[in-house]
Amino acid sequence: MSAAAWVIATDEKYLVSLVEAGAALGSPPTVLVVGSPELAQAAVDAGAGQVAWIEPAAGTPAEAYTAAAVSLVSQAGPRLLLSSSAAAARTLLGAAAAALGAAVVTAAIKVELGGDTLVVHCNRLGGSVVEAFESTGPVAAVCQGYDAPPPGTAGASPEPAQAGEPGAFGIVEEQPAPGGGGLTEAERVVGFGRGVKVRADMALIEELAQAMDAAVGCTMPVADDYKWMSQYIGRSGLSIAPKLYLAVGIQGSPQHTEGIRDAKVVAAINSDPEAPIFRRATYGIVADLYEVLPELLTALKN
Amino acid sequence: MKVVALYKWARDPEAANVRAGGVVDWGNAKMVAGDDDHAVLEVAKALAEGGELVGLTLGDGDAAWALARGVEVAYSVPDAPFLADNAATAAIMAAAVKHIGGADVVVVGDAEQHPGVPAALAGLLGWPALLGVTSATAEGERLTAVRRVGDTIQTVWVDAPAVLSVAATGEEAKPPGMMQMLQARKKPVTQVSLAELGVDPKEGVASRGTRLPDVTGAKMLEGSPAQVAADLVAALRSDGVL
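Since the model is a prediction, treat every value here as computed from it, not as a measurement.

J.: Sorry if this is basic, but what is going on with the overall build of chain B here?
T.: Of regular secondary structure, chain B possesses seven helices and 15 strands. Across its three principal axes, chain B shows a C-alpha extent of roughly 65 × 40 × 40 Å. Scored against the burial criterion, the 242 residues of chain B give a buried share of 50%. The contacts in chain B between residues at least 6 apart in sequence include a share of 70% that link residues at least 24 apart. Counting every atom, chain B has about 10,500 Å² of accessible surface; 51% of that belongs to carbon and sulfur. With 20 positive and 30 negative side-chain charges, chain B shows a spacing of 2 Å between the two charge centroids.

Structure, rendered in structure tokens:
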């Protein structure tokens, strides 16, 4: 078993933070890239110790190279395997973990090595607690990750690896996801949930958003059950990264908070002091939204 | 096509109580349907049309839940414990899938809280996987699924046998009624023990316990509605986000 860590990357999201996490084992990790030349370069820029690179053939998803990825990881026998929660990266991680006989933990936020014991800290219950797991064996961790700028000290150049014969996979088509009505690009977003009682009250949300120069979004039940909007913010919906997210009448289920993970400042208004949204928020107000919103409009005009 | 649908294999997160110092009291939390499980059944049913749909649950998961939703044959592993090591959970599932035998597809929830399980399950079965799909169809041995990858909607195929993990895009449209649940309770469930499966549920990690996160939530603004509104606007302006 080698002391170093390996990172499996199929897209750029959170890559710098994964390389940082892997470096906790003492040296920059090897990044196994299954993706474009640009992604391989991003791994170099993220500070990878080495970059093993497989470029998928056109029309072939990264998962088709599972066998090649498993073979590369098995030969190296790393102590720690990291990936983001992206579907393809996770698939490769799971296959490599099975080959290594590694434990699999998720929502990892920090890794430490003390002597021969690896400690992985993981968010639990949507982030209400952190659980530390220790192991003297190999561990594969699906990481939470965060946005971070590249360190500025680039690592080694990508080394093309044996891709082998791709598995029986193919991409039939790729279409742009329905536009988020400017939500994904907006600097400010007002999101609302089931705390808004009737559809007519959406006017209040829209008025507030206008005063803040913000876009309007909602939670899954508002779009799916009430059909008030066609799109929602959340794990299976839109992921947004505004400077400011104002959550109005939103409880804050993990499904929703996953979609606002990259928001910089989150302010939340909810009548339930125990609402999980307050754990994700920067500012919190426990109050009836119908009392606070008119006051907010007034304050914004001052 | 023979399809195995996995459901009710994780503890109810709603039953967890976080005590002072971050200790989690799980009480006697049961294995409940995860947020994605109803969508798992939908996809599994579509794939199994003209074939066989087998349901599989772990621990004290209630098989009637799936039997009322179109599952024809139900298996459970009643002595399967809840495990933090996703690979150990997946090992129980993989052994059960092999015990059931002849499966072409295993469908499982993409599981926000345990996202390593579907990946580890595919790894242990040695099958290809497509994770995070929202719908799927089968034609011969070919499975075609739709999923969201970043800003694109991707339609992708894989040949069976394969593992599909499903991410729900909404809540269950039409839960079964009381009659269907009552009828489901009368249907047989085949119970298989860990010993019969030859699985020793050993975890590759040990918990050092839980603690509260370093940042414990929001700065709470207090006062009259006018006061908190003014304070919030002032704070957001000073942060340069408004």
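J.: Looking at this structure, I do not really get the packing of helix H9 (residues 289-301) of chain A against helix H7 (residues 225-238) of chain B. What am I missing?
T.: Each pair of packed helices can be described by the angle between their axes along with the distance between the axes. It is at 8 Å that the axes of H9 of chain A and H7 of chain B come closest, and there the two elements cross at 50°. Relative to H7 of chain B, the element H9 of chain A lies oblique. Where H9 of chain A crosses over H7 of chain B, the two elements pack in a sense that is right-handed. Contact residues: Glu291, Val292, Glu295, Leu296, Ala299 and Leu300 of chain A in H9 of chain A; Pro225, Ala226, Val228, Ala229, Ala230, Leu232, Val233 and Arg237 of chain B in H7 of chain B. For the contact of H9 of chain A with H7 of chain B, the per-class residue count stands at eleven nonpolar, no polar and three charged.

J.: Looking at this structure, how should I read helix H4 (residues 87-100) of chain A?
T.: Note that an α-helix has 3.6 residues per turn; residues three or four places apart therefore point the same way. Residue and element names in this part refer to chain A. Relative to the 20 Å expected for 14 residues at 1.5 Å per residue, H4 spans 20 Å between its end C-alpha atoms, a close match to the ideal helical length. For H4, the tally of buried residues reaches twelve of 14 residues, placing the bulk of the element in the interior. Among all positions of H4, only Ala87, Ala88, Ala89, Arg90, Thr91, Leu92, Leu93, Gly94, Ala95, Ala96, Ala97 and Leu100 are buried.

J.: Please explain the domain arrangement of chain A as it appears in this structure.
T.: It is common to give the size of an interface as the accessible area lost on bringing the parts into contact. Residue and element names in this part refer to chain A. The domains assigned to chain A are domain 1 (5-160) and domain 2 (188-301). Across the contact, ten residues belong to domain 1 and five residues belong to domain 2. Carbon and sulfur atoms make up 30% of the surface buried where domain 1 meets domain 2, a total of about 560 Å² over both sides. Taken as a group, Tyr14, Ser128 and Gln144 account for 48% of the area that domain 1 buries against domain 2, more than any other trio of residues on that side. Where domain 1 packs against domain 2, one counts one salt bridge. The partner of lysine 13 in a salt bridge is aspartate 262, with the nearest N and O atoms 3.5 Å apart. The tally of links from domain 1 across to domain 2 stands at five residue pairs in polar contact (both at pLDDT 80 or more). Partitioning the side of domain 1 that touches domain 2 into residue classes produces two nonpolar, six polar and two charged.

J.: How should I be thinking about the confidence of the model for chain B in this particular structure?
T.: Should the pLDDT be low somewhere, the predicted coordinates at that spot are not to be read in detail. For chain B, per-residue confidence averages 95 on the pLDDT scale, and 100% of positions sit at 70 or higher. Listed scores for the predicted complex are pTM 0.90 and ipTM 0.93.

J.: I tried to follow the environment of alanine 5 of chain A on my own but got confused; where do I start?
T.: All names here are of chain A. Topologically, alanine 5 is positioned in strand E1 (residues 2-9). Once the C-alpha coordinates of alanine 5 and proline 29 are considered, the two residues, 24 residues apart in sequence, prove to be 4.8 Å apart. Once residues within four sequence positions are removed from consideration, alanine 5 is found in contact with Gly22, Leu25, Pro29, Thr30 and Leu80.

J.: Help me out: how do you make sense of helix H3 (residues 86-100) of chain B in this one?
T.: Residues and elements named next belong to chain B. Under the 1.5 Å per step criterion, the end-to-end length of H3 is 21 Å for 15 residues, consistent within 8% with the ideal 21 Å. Along H3, twelve of the 15 residues are buried, which leaves the element largely enclosed by surrounding structure. At the N-terminal end of H3, a side-chain oxygen is found 2.8 Å from the backbone nitrogen of alanine 87, two or three residues along, and the residue is aspartate 85. A positive backbone phi angle near 80° is found at glycine 101, which sits one or two residues after H3.

J.: It is not clear to me how the interface of chain B and chain A should be interpreted in this structure. Could you clarify?
T.: Facing 73 residues of chain B, the contacting portion of chain A comprises 74 residues. Both sides of the chain B and chain A interface together cover about 6,100 Å² of buried area, and 60% of this is carbon and sulfur. When the buried area of chain B at its contact with chain A is split by residue, Glu112, Arg208 and Arg211 of chain B rank highest and sum to 10% of it. Linking chain B with chain A are six salt bridges.

J.: Quick question: what am I supposed to make of empty space enclosed by the protein here?
T.: Empty space among the atoms becomes apparent when a probe as large as a water molecule is rolled across them. Counted under the stated rule, the structure contains one cavity of 30 Å³ or more. Met212, Leu244, Leu246, Leu296 and Leu300 of chain A together with Leu232, Val233, Leu236 and Leu242 of chain B are the residues that line the largest cavity. Of all the secondary structure elements, the ones that give two or more residues to the lining of the largest cavity are strand E13 (244-248) and H9 of chain A together with H7 of chain B. With three residues, H7 of chain B is the single largest residue contributor to the lining of the largest cavity.

J.: What should I look at first to understand the packing of aromatic side chains in this one?
T.: Each aromatic ring pair is characterised by the separation of its centres together with the angle its planes make. Throughout the structure, instances matching the rule amount to three aromatic pairs over all chains. Ring centres 6.4 Å apart and planes at 20° place the aromatic pair phenylalanine 192 of chain A and tryptophan 228 of chain A in the stacked group. Of the two residues, phenylalanine 192 of chain A sits in strand E11 (residues 188-192) while tryptophan 228 of chain A sits in the loop between helix H6 (220-224) and E13, which places them 36 residues apart along the sequence. Given a relative accessible area of 13%, tryptophan 228 of chain A falls into the buried group. On the numbers, 4.8 Å between centres and 50° between planes, the contact of tyrosine 226 of chain A with tryptophan 228 of chain A is tilted. For tyrosine 226 of chain A, a relative accessible area of 31% gives the class partly exposed. Within the aromatic cluster, the residues linked to one another by ring pairs are Phe192, Tyr226 and Trp228 of chain A. For the cation-ring pair, arginine 11 of chain B lies above tryptophan 26 of chain B, with the distance from its terminal atom to the ring centre recorded as 3.7 Å.

So, how was this worked out
Residues numbered from 1 in each chain as written. Chains lettered and ligands numbered in written order. Predicted model: local features only at pLDDT ≥ 70, side-chain atom pairs only at ≥ 80, totals over all residues. Heavy atoms only, no water. Helix = DSSP H or I, 4+ residues; strand = E, 2+ residues; numbered from the N terminus. Buried < 20%, exposed > 50% of the residue type's maximum accessible area, 1.4 Å probe, protein only. Contact = heavy atoms within 4.5 Å. Areas by Shrake-Rupley, 256 points an atom, 1.4 Å probe, with all protein chains shown as cover. Lys, Arg positive; Asp, Glu negative; His and termini not counted. Charge placed at Lys NZ, Arg CZ, Asp CG, Glu CD. Axes fitted to C-alpha atoms, helices over the stretch in contact; angles between N-to-C directions. Parallel < 35°, antiparallel > 145°, perpendicular 65-115°, else oblique. Left-handed = near helix turned anticlockwise from the far one by under 90°. Nonpolar A, V, L, I, M, F, W, Y, C, P; charged D, E, K, R; others polar. Expected span 1.5 Å × (residues − 1). Domains from an automatic or database assignment. Buried area = accessible area lost by both parts, 1.4 Å probe. Salt bridge = Lys/Arg side-chain N within 4 Å of Asp/Glu carboxyl O. Polar contact = N/O pair within 3.5 Å; in protein donor to acceptor, adjacent residues only side chain to side chain. pLDDT = per-residue confidence, 0-100. 1 Å grid on protein atoms, 1.4 Å probe; cavity = no way out; pocket = protein on both sides within 12 Å on 5 of 7 lines; lining within 4 Å. Points joined across faces, edges and corners; volume = space filled by probe spheres on them. Phe/Tyr/Trp six-rings, centres within 6.5 Å; stacked < 30°, edge-to-face > 60°. Lys NZ or Arg CZ within 6 Å of the ring centre and 35° of its normal.

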